[in-house]
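Fold and geometry: a report
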Amino acid sequence: MTAPLPAGSTIGIIGGGQLGRMLAMAAARLGYRTIVLEPQADCPAAQVANHQIVGAYDDAVALRELARRCDVVTYEFENVPVNAAQVLAETVAVLPPPRALDVSQDRLTEKTFLNGIGLRTADFRAVEADEDLGAALRDFKGLGILKTRRMGYDGKGQRVFRNASPDEASGVFKAMGGVPLILESFVSFEREISVIAARGSGGALCAYDPAENVHRDGILHTSTVPAGVGLGVAAAAKQAAFAILQALDYVGVIGVEFFVLADGSLLVNEIAPRVHNSGHWTEAACTISQFEQHVRAVAGLPLGLAARHSDCVMENLIGDEVQRAAQLAHEPNLMLHLYGKAEARPGRKMGHFTRLGPLTEA
Ligand code: AMP
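Residues numbered from 1 in each chain as written. Predicted model: local features only at pLDDT ≥ 70, side-chain atom pairs only at ≥ 80, totals over all residues. Heavy atoms only, no water.

A closer look at the overall build of the chain
Looking only at helices and strands, the chain features eleven helices and 18 strands. Relative to the compact-globule value of 21 Å for 362 residues, the chain shows a C-alpha radius of gyration of 20 Å, a close match. Projected onto the principal axes, the alpha-carbon positions of the chain cover approximately 60 × 50 × 40 Å. Buried residues in the chain amount to 56% of all 362 residues. If you take every contact in the chain between residues at least 6 apart in sequence, the share linking residues at least 24 apart comes to 62%. Positive and negative charge centroids in the chain, built from 33 and 40 side chains respectively, lie 2 Å apart. (Helix = DSSP H or I, 4+ residues; strand = E, 2+ residues; numbered from the N terminus. Rg over C-alpha atoms; globule rule 2.2 N^0.38 Å. Buried < 20%, exposed > 50% of the residue type's maximum accessible area, 1.4 Å probe, protein only. Contact = heavy atoms within 4.5 Å. Lys, Arg positive; Asp, Glu negative; His and termini not counted. Charge placed at Lys NZ, Arg CZ, Asp CG, Glu CD.)

What follows is the structure, given as structure tokens:
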């Protein structure tokens, strides 16, 4: 176990979005300074951090400056170039470890890793040509979701096949950009849940209660806690998250998304090696939020409790929905969080709110 970083130390954050903003706020509360690396000036994170290095995530000069000025470096999105993280790690601690980026950036690597540690996922086939897709559609009886292996999020870069004959594969590989793809079997899940879990620098583990997630147009709409899955399923989801954390020798917070099947069994959909949108509720319903938990872990402090004091529903404010903020502020038991983004473009996450209610059983 590394010695805890003393207050006044500096934490570097790669990525300047709302997740970086909330990490910087949590770090400040624990007495740390933050430096954000992000190409876009005046980004949401930089508005609340001590300093921004305006530069690309793989800019060698910017990375050297970040390494020189920080005591530890973390990140707020999973598409940080692995090479950049590895170069940084030669001179400064990078947490979570760069291997977590490597595993989570490619859906094929990710599923192979998950299956390798005994966790179930949707069936999948690598697709590198129309012929692969045709064969995979045959295997999955015409029903599946085709996804880009890399750089997909919020349902982007995906195509659904229903009752598709193998002939329908013709021309698809090129139409999807000619990049490596994966066909996943279509899972008829009962609901989607996620678990936010953390591993401290000494190996301690903790997990928040699962949230039930509802998506709209591929973007998270609400996260509801308790998720209504029962104690057995909740415990299994937490155990799966712990297995992932341990296998990656991880330090920090991770988000793990699951499909819950009708018989209560779980398939892992994907992992995010960072704080997660479906964990925003923790800032309102727990003493220690996912953001503070992450800062504690990467700074070598003890983890805090992941228990919750309230039931809650978190809802994202997307695009123009941010105009609801003034009205929502009238509700006395509602935590509102806006991200400081000037322009409310369609599909852009502008803020979120969490409505609290009395604590009930999971
Ligand atoms: P993803 O970008 O992989 O998280 O997918 C976005 C959303 O698409 C998920 O939250 C699910 O609602 C749905 N989805 C993704 N993969 C599958 C699958 N294999 N079967 C059924 N639905 C899926």
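Here the narrative resumes, following the displayed structure.
Points about the pairing of strand 9 (residues 181–185)
Burial runs high along strand 9: five of the five residues are buried. Side chains of strand 9 alternate between two faces, with L181, L183 and S185 and I182 and E184 buried alike. Both strand 7 (residues 144–148) and strand 9 contribute to a ladder of five bridges, which runs antiparallel. Its bridge partner lying in strand 9, L146 is registered against L183. (Pairing = 2+ DSSP bridges.)

Notes on a nonpolar patch on the surface
On the surface, L143, V160 and F186 cluster together into a nonpolar patch covering about 210 Å² of accessible area. In this structure, V160 sits in strand 8 (residues 158–161). (Patch = residues over 30% accessible without salt bridge, like charges linked within 9 Å, V, L, I, M, F, W, Y side chains within 5 Å. Areas by Shrake-Rupley, 256 points an atom, 1.4 Å probe, with all protein chains shown as cover. Salt bridge = Lys/Arg side-chain N within 4 Å of Asp/Glu carboxyl O.)

Focus: empty space enclosed by the protein
Within the structure shown, the criterion is met by two cavities of 30 Å³ or more. In this structure, the second largest cavity occupies an estimated 40 Å³ of space. If you go around the second largest cavity, the residues you meet are I11, I13, L23, A27, T34, T74, H294, V295 and V298. For the lining of the second largest cavity, the secondary-structure elements that each account for two or more residues are strand 1 (10–14), helix 1 (18–29) and helix 10 (290–298). Counting residues per element, the lining of the second largest cavity draws most heavily on helix 10, at three residues. A breakdown of the residues in the lining of the second largest cavity according to their chemical character gives six nonpolar, three polar and no charged. Composition of the lining of the second largest cavity by domain shows at least three residues from each of domain 1 (10–94) and domain 3 (191–357). (1 Å grid on protein atoms, 1.4 Å probe; cavity = no way out; pocket = protein on both sides within 12 Å on 5 of 7 lines; lining within 4 Å. Points joined across faces, edges and corners; volume = space filled by probe spheres on them. Nonpolar A, V, L, I, M, F, W, Y, C, P; charged D, E, K, R; others polar. Domains from an automatic or database assignment.)

Some details on the sheet that holds strand 3 (residues 51–53)
The strand order 3-2-1-4-5 describes an open sheet built from five strands, whose pairing is parallel. Taken across any chain shown, the strands that pair with only one partner, and hence form the sheet edges, are strand 3 and strand 5 (93–94). Where strand 1 meets strand 2 (residues 33–37), five bridges bridge the pair, whose relative direction is parallel. Along strand 2, the bridge assignment pairs T10 with R33.

Topic: the side chain of E292
Residue placement: E292 occurs in helix 10. Overall, E292 belongs to the buried group, its relative accessible area being 6%. Dropping the residues within four chain positions of it, E292 is found in contact with A26, R29 and L30.

Thoughts on the sheet that holds strand 8
The four strands lie next to each other as 6-9-7-8, forming an open sheet whose pairing is antiparallel. A strand with exactly one partner marks an edge of an open sheet, and here the two such strands are strand 6 (124–127) and strand 8. In this sheet, neighbouring strand axes are inclined to one another by 20° on average, regardless of whether the strands run parallel or antiparallel. In this structure, strand 6 lies alongside strand 9, joined through four bridges in antiparallel fashion. Across the sheet, V127 pairs through a bridge with L181, a residue of strand 9. Helix-sheet contacts for helix 6 (residues 130–139) involve strand 6, strand 7, strand 8 and strand 9, and the interaxial angle to strand 6 is about 165°. (Axes fitted to C-alpha atoms, helices over the stretch in contact; angles between N-to-C directions.)

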